[in-house]
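Close look at the chain arrangement
Next come the chains, spelled out residue by residue.
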Amino acid sequence: RGAFASMLRFRLLNFLVPPSRRWLRCSGRQAHSSVPPQPVPPLLQTLQRYLTALEPLLPPDELQHTRKIVQKFGCPGGLGEKLQRELIKRAKHSHNWISDWWVQWAYLECRQPLAVHSNPAISLPNRDFTDWRGQLVFASKLIAGVLDFKAQVDSGKLALEYMRGQPLCMELFPQLFSSCRIPGPKHDHVVHYGRPRRGPAHITVVRNYQFFQLDVYNSDGTPLTESQIHAQLLRIRSQSWKTDKQPMGILTSEHRHTWGQAYTRLLRDKINKESVRLIEKSIFTLCLDSPVMRISDEKYSSRMAAQILHGGGTFSNSGNRWFDKTLQFVVGEDGSWGLLYEHATAEGPPISTLLDHVLEYCKKPDRVRAPLIPLPMPKKLYFYINSEIKWDLEMAKQNLDILINDLDIKCFNFQHFGKEFVKQLKLSPNSFIQVAIQLAYYRVHSEVCAACDIASLRMFRGGRTDYIRSPTNQMLSFIRAFDDDAVSREAKVQLLREAVDAYSILTEQSLMGQGIDRHLLGLKLQAIEEGLSLPRIFMDTAYGLATHWKLRTGQVPTNTDSVMCFGPLAPDGYAVCYNPQQDHVHFSVTAFNCCEETNAEKLALTLERSLRDLQDHPQVKLLVS
């Protein structure tokens, strides 16, 4: 067992570091053909692992009741076998048997606002400027860096990414640009306008709640130089004072059904329709935020993460957002900056690759001379606001401010150790942090809860994500023992190792396409597609408990000191995101104030203390020394 655990830890350490890249010229078709199709896991395997995942969450009598339901569902000749056969057929005749269903079910049919509930935000380290002049210089560099990345994507020269020697699917990269989510009455859809040669040639710049079309290519197809972009941004700034400041972008923060209705009303006018289409077609959006009120250093990182995530409210910069847009780069006058992205099209790993490229590009000096060709004035996008749209705006303002005031964000930098310390213990840093998060939750709430971490399925063609579930039986045993003085120190360390190893095994399973959550969802949606009554396994209260994610977690390993944040999945839950560096870890914790049981700051402080307690445990110190 010890040899197996050591081998598994070695393999997982390779899995959980950012993927290596090999610079190859290769077309998208070649890249995708080298990636295998995503497998459909065996039915009985998934059902057994599902029951195992329920054991820490259910009392014995409820677990026995669920066990009977699951056994009936998976019995020979039963409904589960029938649905499984159909999933296997679907896998043979589709690009990916679950990804389209997942995007539709998890994102496009979700009616909650994109702000806070769906769109993740990444806040990056401050740049060395403190006024609007520096803001525009950096924004020019940023735009040039993104266009440079896009050129690599379009030309097929983007570095193929590898993990453990296996190529990763690169399909999401072209979809990042010139794409947008469109609201609908029952469900949304995504439009992609990007084509390498004939796609849109402009970005959207929004400042002071006003949107501008900025063409970023010359007539010969070459991108504008940084100095050209800077000159155009100066012109935009000079134009953005002139008219009224109705924050049209706040409409996109509404409940999706409400925004869908307002969207229909908005597009009845020809001017509005043209402006909206230009925003939707643009390569990406740049948000030039106004300065915000200075606050203490302790709360600064939390405040900046909130600014990227939702703009700070209707009296701050929330009107400088178009939440449906796939990519929105935010640059503030105080040196803060970050990225907000729409989740139906984008995932964390491709976004991290994009940001890494931009950061490297920003280190290079601009050596390209601007041609002496006069550029056309950036086009201001106008909106005609009648009484109906005015009412929609007022309602959207109220609802967004309520949502923002309800969200509690706590960001902190844990500086006592990072992933190097955990590697010295010969443990997976991600699994170690997950155990610490569950320990902190248990200390606050005196129970464990259903939690999901994100596993990337890019090892498979068209793969998106699956969940890594916690807690495990081993994690629960460790959590109960850690604060029990009757348990020996040696036993606690052994239980810690078993908890980390168990979670690492789940991680391995999910990364290899053998997780349980996407498979169960596929079985459920297959039954719905065939017009069958919903199987009892999905109507069981245990399934509701197992998918009521009170802890939404995510590791975003990047090469810089960035922090990601997003809102909780459940109204009585938390979202915990972390970025492990060599000697420190960045965390963000969010919760809703409307829930009296949750408190983001309390969980953050408890998490910090739990990590310190694990580090300071005498037996753990002995292992490192």
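What you see is a predicted model; the values in this text were computed from it and never measured. (Residues numbered from 1 in each chain as written. Predicted model: local features only at pLDDT ≥ 70, side-chain atom pairs only at ≥ 80, totals over all residues. Heavy atoms only, no water.)

**Remarks on helix 13 (residues 348–362)**
Between the first and last C-alpha of helix 13 there are 21 Å, a value that for 15 residues agrees with the 21 Å anticipated at 1.5 Å per step. When you tally the buried positions in helix 13, you get 13 out of 15 residues, the bulk of the element. (Helix = DSSP H or I, 4+ residues; strand = E, 2+ residues; numbered from the N terminus. Expected span 1.5 Å × (residues − 1). Buried < 20%, exposed > 50% of the residue type's maximum accessible area, 1.4 Å probe, protein only.)

**Focus on the pairing of strand 6 (residues 189–192)**
Sheet topology places strand 5 (residues 179–182) next to strand 6; 4 bridges connect them, and they run antiparallel. Counterpart to R181 in the pairing with strand 6 is V190. Hairpin connection of strand 5 to strand 6: 6 residues between the antiparallel strands. (Pairing = 2+ DSSP bridges.)

**Quick notes on the sheet that holds strand 2 (residues 121–124)**
Pairing within the open sheet is mixed, and its 8 strands lie in the order 12-8-7-9-10-11-2-17. The open sheet terminates on both sides in strands that have one partner only, identified here as strand 12 (379–380) and strand 17 (563–565). Summarising the sheet, strand 9 (residues 285–289) and strand 10 (residues 327–332) pair through 5 bridges and their orientation is parallel. Paired with C287 across the bridge in strand 10 is V330. Along the sheet, helix 13 makes contact with strand 2, strand 10 and strand 11 (337–341), crossing strand 11 at roughly 150°. (Contact = heavy atoms within 4.5 Å. Axes fitted to C-alpha atoms, helices over the stretch in contact; angles between N-to-C directions.)

**Remarks on the nonpolar core**
Among the nonpolar cores identified, the biggest contains 88 residues, and Y50, F432, F478, F587 and L607 are the most heavily contacted of them. Take this core: its biggest share by element is 9 residues, from helix 16 (residues 429–445). In terms of nonpolar packing, the next biggest core, distinct from the first, is built from 52 residues, V146, L158, L224 and I351 among them. (Core = buried A, V, L, I, M, F, W, Y, C linked by side-chain atoms within 4.5 Å.)

**A look at the UniProt feature "active site" (unreviewed entry) in the protein chain**
Residues given the UniProt feature "active site" (unreviewed entry) here are H343. On the secondary structure map, H343 appears in the loop between strand 11 and helix 13. Exposure remark for H343: the relative accessible area of 10% places this residue in the buried category. Apart from the residues within four sequence positions on either side, H343 is in contact with Y107, S118, N119, P120, R464 and R552. (UniProt positions renumbered as here; feature names shortened; annotations may be inferred.)

**Topic: the pattern of salt bridges**
Tallied over the entire structure, the rule returns 28 salt bridges. Where K82 meets E530, a salt bridge forms, and the shortest distance between an N and an O atom there is 2.6 Å. Pair noted here: K82 is in helix 5 (residues 79–92) and E530 is in the loop between helix 19 (517–529) and helix 20 (536–539), with a separation of 448 residues, a long-range link. Close ionic contact of K397 with E394 constitutes a salt bridge, the shortest N to O distance being 3.2 Å. Of this pair, K397 and E394 both sit in helix 14 (residues 387–406), separated by 3 residues, roughly a single helical turn. Residue K397 is classed as buried on the basis of its relative accessible area, which comes to 18%. The network of salt bridges with common partners includes R111, R181, D188, R256, D324 and E342. (Salt bridge = Lys/Arg side-chain N within 4 Å of Asp/Glu carboxyl O.)

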